[in-house]
Amino acid sequence: MTFLRVIGFSLALLGFYALYAHTLPQVEPDLSEPEILATEGLDMPGMIALGEGLFTGKGTCTLCHNGMGRAPDTLAMDLAVTFPERLLDANYSGVAAGGDGAQAVESYIRESMLEPSAFVVPGFGKKGTNDAVSPMPVVDAPPIELAPVEINAVIAFLQDRAGLTPTVALPSAADTPEADAPAADEGLVEAPVTDAQSALDKFSCAACHDLEGSGADLGPALGGISMRMSRAGLMEAILDPNAEIATGFDAGLMPDTFGEDMHASELLLIVDYLMALPAPRPSDTPEDEGPASDAIDVIDAYGCAGCHDLEDSGADLGPALNGISARMDREQLITAITNPNATIADGFEADMMPDTFGDDISDAEMILLLDYLMKLPE
Amino acid sequence: MKYFIAALLALLAVSLPDLVAAASDALPPDAAPQPSRLDYPVIAGISARSLAWSMAQMHLFLAAFVLAVPLFSIATEFMGVVTGDDRFDTMAREFMKITMAAYSLTALVGGGLLLTLLVFYPHLMGYLVKVFRGQMLIYALLFGLESITLYLYFYSWDALRRGNRKYYHMSIGLVLNTVGLTLMFVANAWVSFMMSPAGIAPDGAITGTVWEATRNPLWNPLNLHRFLANIAYGGAIVGGYAAYMFLAEKDPVQKAHYDWMGYTSNFIAILGFLPLPFAGYWLMAEIYAYSQQMGITAMGGILAWLFIIQAVLIGTIMLAANYYLWSGLMRTDRGAQYGRYVKYIAVVIVGGFLVWVTPHTLILTTSEIQNLGGTHHKILGPLGIMPAKNTAVNLMLVFTFLSFQMFYRSSREPVVPWAKSANMVVVALYVVGIANIIGAGIYGYITPTVYKVGASVPQVVTTLTIIIGSVIIDVFMLRGAKSEKVHWGRMTERSQYALFVLPVAFTWLMGLMGYIRSSLRTNWHVYTVMKDNSPENYIPTLGDAGNTITGITLAFMAVMVFVFWLSRLGQTRQKNAEISA
């Protein structure tokens, strides 16, 4: 009996630990093959977007370059001020020392990535080295292993953040990073299409997304997508569709192979086209003749719930709309809609909301919208 | 025997040059192999990683046990010689009896692990053999020596028990422990090399000596961490055995013996456990120094949640160990007077546990960040960073020591005239020390990150000062003290379950730490040098890892039940009635 009690007690304790391990958030392993993006044809905005993705993704830069104090918080800095200061720093004697302009900044960033100890920002050196040795790994060596074109993309991203025109070379076909183990049947590469419509057709986007009236609803509608996500975010959504799933849709439906199948030029064509796509207007739908007739139609027409949490839509790019009357009066709400960058709510970013609603929304629609929003409960 | 020794010496002569000589200059060194996914054998759908994981972890559990028990067995034997108390000697022998049954199982599982690695990861094993060359033969030689000395130590116990012969016996024990520790250090070199390779070129080509590869950046921190953990682990397992025997025995004399054995084992476990967090910090500091990226992967990246479980496990261990010590106050008549302090100690231990379990940097989704109002919780966030955790763990250790000190004093009444003054000094030591620990913790908040870790040093020094200072004062103050009878065996059954918590939690914790140590390499066999391209080269989720660790722990518990049963079987005699029948 004692034996059984002891075993039972031990099993219960073990069961608790095992169960507890399951109650914590599970970080799912990335089982996908390494994503090889064909970069030929990539333009400079594409390079900047790629660089941003690398900075926060494969490059693992933000592991240390964040607000935790392990490395300079690059994304929080005013790089337009920081880079010139670094180039003129008396302790810096690297390849760009004393230089000026975008070209010098490129050299400086490249050197800091490939020879991190060439200049160590005071206070960020390896312990015991008196800031002579940087703890930063060389980015083209394991474990990071950025390809030359990827290093250029990160440089372009940082130059762009510093308000400079990127000076890095645009990639050619030869710059496409090689896959570790190319499949045996991977011989012929299909030539890229050259216009956006062909690219959208080639990858059957409208089969699942509502695109200019296609009516498909397996994925979110593409109209007005620029109001819901940034250009870089859209690129990521195409290349890694399961990273973030829009509310109301299922994961795993969209193929995650576009990174391998798409030419960079095709990706850019699609992204440019979609970012320019306006939000569907009431007049776009055949059954609606004229302006929206009730508040819900107005909200649908201008895609409010795509960015704002409204009746549990779950969107979080802007403040929640429920209970908004407790936070602002009617006049303030009109200003927030027609001139959204005048005041930015805490925790949100400027320039996310289109500033064209003042022109687009008719007076009748505005009244419907305001009446509805001001009565929304918390 | 002489042929055997000659063979061992020949093996040593063959393997020794490899340890000090660099790789041959005659041929250009080969880079590390880079097997593709197809190069990994797939056999009958067996999950190679799960099998290797299970075998390695099981081997580690058993090896930790059979290395640790001789360590405190010889310490206990020494205590027997110093105090003249024969109970120590009897208990040390009983410790060893359990080890004997576990030893062959350790070797068996070790062989299974080697076979698994050779079959499923031939390229990795081939590369490691090239790097460590003759050292692997030395390992085999040491294993032979370990076997010989272990058998000699156990079977000569009664023959060398009294008089000067006892010193011969203890000398054998010393050799046994030296060989055992060396074995562990050698094996540690291989696993730490896989995390922080040294003595090779960036492409893995062998350029240095075996010693350079051995003395890689993480070798010594791992050695210290495992050495201390082994002691704590061995104590916990034997404590579990003693608790079971206590519950099962009806004879009061035997019950008293196993109560005393449980107390001593718990004492050893705590002794090994107290400095363990400091060894852990050193290991993690060296990981950060070697690769900041690797460190952040562990503490602030995809493995960060794992440390929440670690905190829960350590919290369980702390609470159980303290509960056992508090229960022990009832063994003495004066114990009750210390009972009133227990609730305050409990508050500190639970409070420290809650601070330790508070996360800081975690992977959050955008909506989680918005719900939280930032990347860190406004009120609890500050409790997640190292100054708070260092303060919590140091206070938990100080108060755990206080629990032990209370029990120790409960059976001794000082007779020296300066006892009151000494007590005031002890109280002052605690008060000033605790204030200093909290003060250094606050300083950690207002100092730049690079000095935060430095702020933990005075905290550790303070904790050790309190412990060592109190021990020194107690030793002198309680010399010749009026001893109160300790009623061994006067313990509740419930208290014995605290002793079961320790081995279960320790075993699970070791499995968890094995998971994180291996996961830190991410998808590399040898970090930055040899990629793991096998189908299972990803980090499993915490839940999956929890299932595997629980499975291995269950298997280990089953093995230990068998081992304990086996050791009892050796004492069982057939009843006379059965013989005559």
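Numbers given for residues are sequential positions, taken from 1 along each chain in its written order. As a convention, the first chain written is A and the first ligand written is 1, with the rest following in written order. Under the rules for a predicted model, residues below a pLDDT of 70 receive no local features and side-chain atom pairs below 80 are neither given nor counted, while totals for whole chains, interfaces and linings still include all residues.

A look at the overall build of chain A
Argument step 1. When its secondary structure is counted, chain A shows 14 helices and 0 strands.
Argument step 2. Along chain A, helices and strands appear, N-terminal first, in the series α-α-α-α-α-α-α-α-α-α-α-α-α-α.
Argument step 3. Each residue is classified by how many other C-beta atoms fall within 10 Å of its C-beta atom, where C-beta atoms are placed from the backbone; a count of 20 or more means buried, 12 or fewer means exposed, and values in between mean partly exposed. Here chain A holds 378 residues, and 30% of them are scored as buried.
Argument step 4. A separation threshold of at least 6 residues defines the contact pool for chain A, and within that pool the share at least 24 residues apart is 58%. Note on conventions: DSSP H or I runs of at least 4 residues are helices, E runs of at least 2 residues are strands, and numbering of each starts at the N terminus. Contacts are defined on C-beta atoms placed from the backbone: any two residues whose C-beta positions lie within 7 Å are in contact.

As for the packing of helix 10 (residues 295–302) of chain A against helix 14 (residues 363–374) of chain A
Residues and elements named next belong to chain A.
Argument step 1. For the pair helix 10 and helix 14, interaxial distance at closest approach is 8 Å and the crossing angle is 105°. The angle between the axes of helix 10 and helix 14 places the two elements in the roughly perpendicular class. On helix 14, the residues touching Ala295, Val298 and Ile299 of helix 10 are Glu365, Leu368, Leu369, Asp371 and Tyr372.
Argument step 2. Each residue receives one of three labels: charged for Asp, Glu, Lys and Arg, nonpolar for Ala, Val, Leu, Ile, Met, Phe, Trp, Tyr, Cys and Pro, and polar for the others, Gly being one of them. In the contact of helix 10 with helix 14, the residues fall into 6 nonpolar, no polar and 2 charged. Structural elements are reduced to axes, namely lines fitted to C-alpha atoms, with helices fitted over the stretch in contact, and the angle between N-to-C directions of any two is expressed from 0 to 180 degrees. In these notes the angle categories are as follows: under 35 degrees is roughly parallel, over 145 is roughly antiparallel, 65 to 115 is roughly perpendicular, and the rest is oblique.

Description of the packing of helix 2 (residues 48–83) of chain B against helix 20 (residues 542–569) of chain B
All names here are of chain B.
Argument step 1. Helix 20 packs onto helix 2 with a crossing angle of 45° between their chain directions and a minimal axis gap of 10 Å. By the angle between their directions, the pair helix 2 and helix 20 is classed as oblique. The two elements helix 2 and helix 20 meet at a crossing, and its hand is right-handed. Of helix 20, the residues touching helix 2 (which contributes Ser50, Trp53, Ser54, Gln57, Met58 and Phe61) are Thr548, Ile552, Ala555 and Phe556.
Argument step 2. For the contact of helix 2 with helix 20, the residue count by class is 6 nonpolar, 4 polar and no charged. Put simply, a crossing is left-handed when the front helix is turned counterclockwise from the back one by less than a right angle, and right-handed when it is turned clockwise.

Some points on the environment of A:Met113
Residue and element names in this part refer to chain A.
Argument step 1. Residue position: Met113 is located in helix 4 (residues 101–114).
Argument step 2. For the pair Met113 and Asp351, spaced 238 residues apart in the sequence, the C-alpha separation amounts to 31 Å.
Argument step 3. If sequence neighbours within four positions are ignored, Met113 has contacts with Val139 and Ile151.

Considering the interface of chain A and chain B
Argument step 1. Counting residues at the interface gives 36 residues for chain A, matched by 46 residues for chain B.
Argument step 2. Residues that form the side of chain A that touches chain B fall into these classes: 22 nonpolar, 8 polar and 6 charged.

A short note on the domain arrangement of chain A
Argument step 1. Entries for chain A in the domain assignment read domain 1 (44–175), domain 2 (196–284) and domain 3 (295–374).
Argument step 2. Computed from C-alpha atoms alone, the centre-to-centre distance between domain 1 of chain A and domain 3 of chain A is 39 Å. Delimitation of the domains relies on an automatic or database domain assignment.

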